[in-house]
Amino acid sequence: MESVDYFPIEVEEVSWQTANEQLMAIRHKVFVEEQGVPVSEEVDELDPNAMHWLAYGPQNVAMATARMLADGQIGRMAVLKDYRQRGVGSSLMRNMIRYAIREGMEQLFLSAQVHAVPFYEGFGFIAEGDAYMDAGIPHRAMVLNLHRFIDNSPKPLLRDISDEERQRVGLDGLDEFRDQAVMLVNRAQREIRIFSFRLEPGVYSNSPFCDAIYAFATSHPLARVRILVKDLAHVIHHTNQLHELCLRLPSRIQIRKLEHKEETLHTEFLLVDSTGILYKQEPERFVGYVVPHAPLEAVELVEDFDNMWEQSELDPELRRLHI
């Protein structure tokens, strides 16, 4: 399987009693030295009983931290300057949300610095009330209702997988790729991942494909489509039905730009539910293969995609378009 160079991030739940030196060092650097928060306000009596997280990077270097109180309040989220814009904060937030869901909590809330509000909105937090000052920095209160993450949709029935569905079928030509892309999307039950250079309209901007994406994205609350594109400017400035769906369903269909610093040997692929694969093997020609059920191969592609996704950010132009 082809490999992807990526920035490793490991997130660990820690206690104040065992990790307070690392936690305080990161927070002091970010809050006290960078933002001018008084030392007396940075550490409080709530720290010893809070749940804390540390994010580690290469050579096991501690890069970031955050804490959660028993009532669901998230705070003290800090990422060292050298490690920002690399998905570290996102990894911390996902781990905290998963913890809260696992513990049966109903909501999370936090006080967000105003410049960070879009970051938290990306996880479903909703800003409430007007901005206010805290430690000399403007903040807004934000709340996340965790009920949205509970899957109440009917569970799909398990079915036998035929030998034909396990076969890898070679493809040659745009039309074959288009037809097989529609076939795979129609099979999707939970998640679709697309990695593409510029979302070739012949494959991704035709009515059958976009109708299938729309039907899937609106089929149940947890349906999710994630699209990672290299040439996002081309997608934005050229008519693309899939891009229009992103505008219409921003909470279900998300699109990001792959940062140029990331190197990948993959050309293009579409994944459904960590099992189905549509893979383009040549950059300039639509030559590749499709296999409806290949979980062992698909899980490696899923890992590669997710690593690239974590290191990509929502493009500023997409923010202006309110995606």
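Residues numbered from 1 in each chain as written. Predicted model: local features only at pLDDT ≥ 70, side-chain atom pairs only at ≥ 80, totals over all residues. Heavy atoms only, no water.

Q: Tell me about the pairing of strand β6 (residues 126-134), and name the residues and values.
A: Where β6 meets strand β7 (residues 137-145), six bridges bridge the pair, whose relative direction is antiparallel. Residue pairing in the sheet places Ala127 in a bridge with Met142 of β7. What sits between the antiparallel neighbours β6 and β7 is a turn of two residues, in which Ala135 has the positive phi angle 55 degrees. (Pairing = 2+ DSSP bridges. Helix = DSSP H or I, 4+ residues; strand = E, 2+ residues; numbered from the N terminus.)

Q: Go over the pattern of salt bridges, please, and point to the residues and values.
A: Under the criterion given, the structure shown has 20 salt bridges. Between Arg76 and Glu42 there is a salt bridge, with its nearest N and O atoms 3.7 Å apart. Placement of Arg76 in strand β4 (residues 73-79) and of Glu42 in helix α2 (residues 39-42) is noted, with a sequence separation of 34 residues between them. Overall, Glu42 belongs to the buried group, its relative accessible area being 4%. The shortest N-O distance in the salt bridge between Asp175 and Arg178 comes to 3.1 Å. A residue pair is termed a helical-turn pair when its members lie 3 or 4 positions apart in one helix, as Asp175 and Arg178 do in helix α5 (residues 174-187) at three residues. Taking relative accessible area as the criterion, Asp175 reaches 46% and is therefore assigned partly exposed. Several salt bridges share partner residues, and in doing so they unite Arg27, Glu42, Asp44, Asp47, Arg67 and Arg76 into one network. (Salt bridge = Lys/Arg side-chain N within 4 Å of Asp/Glu carboxyl O. Buried < 20%, exposed > 50% of the residue type's maximum accessible area, 1.4 Å probe, protein only.)

Q: Would you mind going over empty space enclosed by the protein in detail, with residue names and values included?
A: Taken as a whole, this structure holds one cavity of 30 Å³ or more when the rule is applied. Roughly 30 Å³ of internal volume is contained in the largest cavity. In terms of lining, the largest cavity is formed by Phe177, Tyr204, Glu268, Phe269, Leu270, Leu278, Lys280 and Phe286. Within the residue set of the lining of the largest cavity, elements represented by two or more residues are β12 (268-272) and β13 (276-280). Among the elements that make up the lining of the largest cavity, the one with the highest residue count is β12 (three residues). Each residue belonging to the lining of the largest cavity can be placed in one class, and the counts come to six nonpolar, no polar and two charged. (1 Å grid on protein atoms, 1.4 Å probe; cavity = no way out; pocket = protein on both sides within 12 Å on 5 of 7 lines; lining within 4 Å. Points joined across faces, edges and corners; volume = space filled by probe spheres on them. Nonpolar A, V, L, I, M, F, W, Y, C, P; charged D, E, K, R; others polar.)

Q: So what about the environment of Arg252? Which residues, and what values?
A: Along the polypeptide, Arg252 turns up in the loop between α9 (241-248) and β11 (253-257). Each C-alpha atom, one on Arg252 and one on Tyr214, is 9.5 Å from the other, the two residues being 38 residues apart in sequence. The contacts of Arg252, once residues within four sequence positions are left out, are Ala217, Thr218, His220, Pro221, Ala223, Arg224 and Val225. Within the local environment of Arg252, its side chain forms a polar contact with the backbone oxygen of Ala217, the two atoms lying 2.5 Å apart. (Contact = heavy atoms within 4.5 Å. Polar contact = N/O pair within 3.5 Å; in protein donor to acceptor, adjacent residues only side chain to side chain.)

Q: Run through the packing of aromatic side chains, naming residues and quoting values.
A: Tallied over the entire structure, the rule returns 11 aromatic pairs. Relative to Phe269, the ring of Phe195 has its centre 5.4 Å away and its plane inclined at 40 degrees; by these criteria the two rings are tilted. Highlighted residues: Phe195 in strand β9 (residues 191-196) and Phe269 in strand β12, separated in sequence by 74 residues. Overall, the relative accessible area of 1% leaves Phe269 in the buried class. Seen in terms of ring centroids, Phe269 and Phe305 are 6.4 Å apart; in terms of plane orientation they differ by 65 degrees. Their pairing is edge-to-face. Of this pair, Phe269 sits in strand β12 while Phe305 sits in helix α10 (residues 295-310), and the two are 36 residues apart along the sequence. Of the two residues, Phe269 and Phe305, both sit in the buried class. Grouping aromatic residues by their ring pairs yields a cluster made of Phe195, Phe269, Tyr279, Tyr289, Phe305 and Trp309. Against the face of Trp309 rests Arg226, its NZ or CZ located 5.3 Å from the ring centre. Over the aromatic face of Phe286 sits the side chain of Lys280, whose NZ or CZ is 4.8 Å from the ring centroid. (Phe/Tyr/Trp six-rings, centres within 6.5 Å; stacked < 30°, edge-to-face > 60°. Lys NZ or Arg CZ within 6 Å of the ring centre and 35° of its normal.)

Q: Outline unusual backbone geometry, listing residues and values.
A: Although it is not a glycine, Arg76 sits at a positive phi angle of roughly 55 degrees. Notably, Asp273 is not glycine yet its phi reads approximately 55 degrees, a positive angle. Following the sequence through the fold, Asp273 ends up in the loop between β12 and β13. Relative accessible area serves as the criterion here: at 22%, Asp273 is assigned to the partly exposed category.

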